[in-house]
Amino acid sequence: MKIFKIAQVIPLLVFSVLLTSCNQTSKKEDKNIEATAKREKAPTKPIAQRSEEFKKYWYGGTAEITSYTLEQARYGEIREGSAVLVYVTEPFFADQQVKADEHHPDNIPVLKLNSTKNFLTGIYPYSVMNSSFYPVSDQQHAIKLSTTVQEWCGHVYVQLNNREHFDVASFSYFASEGDQKIQLAKTHLENEIWNKIRIDPNNLPLGTITMIPSMEYLRFSHQELKAYEATASINDDIGQKTYTLHYPKLERTLRITFNTAFPYYIEGWTESYKSGFGPNAQILTSKASKIKTLNRAYWKENQNRHVFLRDSLGL
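Not measured: the values here are computed from a predicted model.

J.: Can you help me understand the packing of aromatic side chains in this one?
T.: Two aromatic rings are characterised by how far apart their centres lie and by the angle between their planes. Evaluation of the coordinates by the stated rule reveals 16 aromatic pairs. Summarising the aromatic geometry, the rings of Y57 and Y265 are spaced 6.4 Å apart at their centres and angled 80 degrees between planes, so their arrangement reads as edge-to-face. Note that Y57 is positioned in helix 3 (residues 52-58) and Y265 in the loop between strand 14 (252-259) and strand 15 (266-275), a separation of 208 residues in sequence. Residue class for Y57 comes out buried when judged on its relative accessible area of 18%. Residue Y265 is classed as partly exposed on the basis of its relative accessible area of 23%. Each ring, one from Y124 and one from W152, has its centre 6.3 Å from the other, and the planes form 25 degrees; the classification is stacked. Pair noted here: Y124 is in strand 5 (residues 124-135) and W152 is in the loop between strand 6 (144-151) and strand 7 (154-162), with a separation of 28 residues, a long-range link. Judged by its relative accessible area of 18%, Y124 falls in the buried class. Three or more aromatic residues link up through ring pairs in this structure, and these residues are F54, Y57, W58, Y87, F262, Y264 and Y265. The side chain of R74 reaches across the aromatic face of F220, ending 4.2 Å from its centre. For the cation-ring pair, K290 lies above Y265, with the distance from its terminal atom to the ring centre recorded as 4.7 Å.

Parameters at a glance
Residues numbered from 1 in each chain as written. Predicted model: local features only at pLDDT ≥ 70, side-chain atom pairs only at ≥ 80, totals over all residues. Heavy atoms only, no water. Phe/Tyr/Trp six-rings, centres within 6.5 Å; stacked < 30°, edge-to-face > 60°. Helix = DSSP H or I, 4+ residues; strand = E, 2+ residues; numbered from the N terminus. Buried < 20%, exposed > 50% of the residue type's maximum accessible area, 1.4 Å probe, protein only. Lys NZ or Arg CZ within 6 Å of the ring centre and 35° of its normal.

In structure tokens, the structure reads:
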């Protein structure tokens, strides 16, 4: 009789343990989501050094989403499309170089930028996404960069991790590029410029410098992934500034226009370089113009009833 009762009790105990474990996992996930929404309300020392205006804007529990009309050069022609810049602060786990799920004294506060572009090349679509994780302290290079390009021919992925060197892993469906692992000496990164503008444009690199161009451009143009010489300058206009990067060897110029007042909204950009192949290749200029900026906790707005918000962005 005792053996029978034990046999009955064991499954109940197992079920109870599993239920408790599931509840604990669910609670942990809830805490992680809550931590994400709070955006590390109790920031570490580098945040404390920022102005109250900065903390109020970037740690208010929302992300900044800005949409742009896009004219994108590809295969020697200009394509119409859209672009979106999504800025948000996050705690970053230094060792693994991933977003931290929980608060920890060693977390690095970063300003993350996810930028997307979508356009058509004839019958098939292009989708591009760049992610940059840049320390709010503005005292070191981006901790991590990643770029993905998807289209019907295939897709490519590039990731740069800032460790002792810049460790780069690149994957492509092109035989000439294939799968690569590269180590590069640390230098300026074009992908981090977009974050630096939003934190402190007075700290942008100027003059003759070496810089690794955007991962997107390097994949589009099939150029060697390395640092190139560039000249950097800033031009002032009424209420706006334009940061210009020119790469002589690449025959490429990038201009980013932003407001002179905090939070230094990016109003648009142009990018000129040789597009197309062979004798038909020519210098074309891609252009993005601002449509709308919204500050939203978008990670909470993932229901069908939230789709209308895209209309507000002109998307």
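The discussion continues.
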